[in-house]
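# Descriptive analysis of the structure
In case you want the letters, here they are:
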Amino acid sequence: MILDVYEAVKSRRAVRGFTDRHVPREALERVLSAAAWSPSGSNLQPWHAYVLTGAPLAELKKRALERVAAGDPGDEREYETYPPALKSPYRERRFAFGKERYGELGISREDWAARQRAAAANWDCFGAPAALFCYIDRDLGRPQWADVGMYLQTVMLLLRAEGLHSCPQMAWSVYRRTVAEVLSPPDGLILFCGMSIGFEDVTVGYARTGRAPLEETVTFVEGAALRSHAA
Ligand SMILES: Cc1cc2nc3c(=O)[nH]c(=O)nc-3n(C[C@H](O)[C@H](O)[C@H](O)COP(=O)(O)O)c2cc1C
């Protein structure tokens, strides 16, 4: 399917309900071959992607969900998903997202148990029959993490061209040791995130997440040319 770039960007969203329809291996190969053309500083290509389907993915979900059911708080974190004291305006945006997300599920802010149950769907990949896990070398720095982000967005946009949807998930870093048991990545890699991949279950409702107005996040600097002090 040829998809206008704007359409791909606008139709991508974090989908949290998938059908069990098989995701063709050829589609994933097309997407990942094209995504390899993502930019990276000095062409380091710092992403290490693992794609899971079938029995290995079922086994991973099973093991992770067993940990969830046992109330296991997860493995020690290898990176901080958010700063402990999130400042404005990020704090407000995070709060608004939580309100939107749990509001659409009919879960109140105080209902911690229901929120936990909803969060648990992460480790079932929201029902998706395919998933990607993206690692980065422990020795690489912030610019390379940004490269990995560009790569993942490229993957997600290309998935749209295949009629597929996705949900990127830092939640998988919580049970990273279980992911490693199944994938056996080489030492020295950090799991950045997982990504559920599949065909959307359109019977699952959703509220489209909003975005800050352009002027909050973009500054245009334009007009007459700057005069140098010497002039
Ligand atoms: C790096 C990254 C990690 C994310 N982790 C999770 C996650 O663990 N679980 C989840 O449900 N959504 C996760 N999301 C999805 C975000 O909540 C979502 O992208 C954001 O709220 C904007 O909504 P939209 O993608 O639907 O436009 C993640 C997104 C990114 C980019």
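Nothing here was measured: the structure is a model prediction, and the numbers come from that model.

A few words now on the packing of helix α2 (residues 25-35) against helix α6 (residues 142-161). A pair of packed helices is captured by two measures, namely the crossing angle of their axes and the spacing between those axes. Relative to each other, α2 and α6 sit at 140 degrees, their axes nearing to 9 Å. Compared by their axis directions, α2 and α6 come out oblique. The chirality of how α2 crosses α6 is right-handed. Contacts between α2 and α6 involve Val31, Leu32, Ala34 and Ala35 from the former and Tyr151, Thr154, Val155, Leu158 and Leu159 from the latter. Among the residues forming the contact of α2 with α6, the class breakdown is eight nonpolar, one polar and no charged.

So, about the sheet that holds strand β3 (residues 165-169). Overall, antiparallel pairing links the four strands, which are arranged β1-β2-β4-β3 in an open sheet. In this open sheet, the two edge strands, each paired with only one partner strand, are β1 (48-53) and β3. Averaged over all pairs of adjacent strands, the angle between their axes in this sheet comes to 25 degrees, without regard to strand direction. Across eight bridges, strand β2 (residues 130-137) lies against strand β4 (residues 189-198) in antiparallel orientation. By the bridge assignment for β4, Ile136 is matched with Ile190.

Moving on, we get to the site of the ligand. Near the ligand the following residues occur: Arg13, Ala14, Arg16, Phe97, Asn122, Cys167, Pro168, Gln169, Met170, Ala171, Cys193 and Thr209. A per-element tally of the shell around the ligand places β3 first, with three residues.

The end-to-end C-alpha separation of helix α3 (residues 54-69) is 22 Å, in line with the 22 Å expected for 16 residues at 1.5 Å each. Of the residues flanking the end of α3, it is Gly71, one or two places downstream, whose phi is positive at about 75 degrees.

The rules behind each value
- Residues numbered from 1 in each chain as written.
- Predicted model: local features only at pLDDT ≥ 70, side-chain atom pairs only at ≥ 80, totals over all residues.
- Axes fitted to C-alpha atoms, helices over the stretch in contact; angles between N-to-C directions.
- Helix = DSSP H or I, 4+ residues; strand = E, 2+ residues; numbered from the N terminus.
- Parallel < 35°, antiparallel > 145°, perpendicular 65-115°, else oblique.
- Left-handed = near helix turned anticlockwise from the far one by under 90°.
- Contact = placed C-beta atoms within 7 Å.
- Nonpolar A, V, L, I, M, F, W, Y, C, P; charged D, E, K, R; others polar.
- Pairing = 2+ DSSP bridges.
- Near = placed C-beta within 6 Å.
- Expected span 1.5 Å × (residues − 1).

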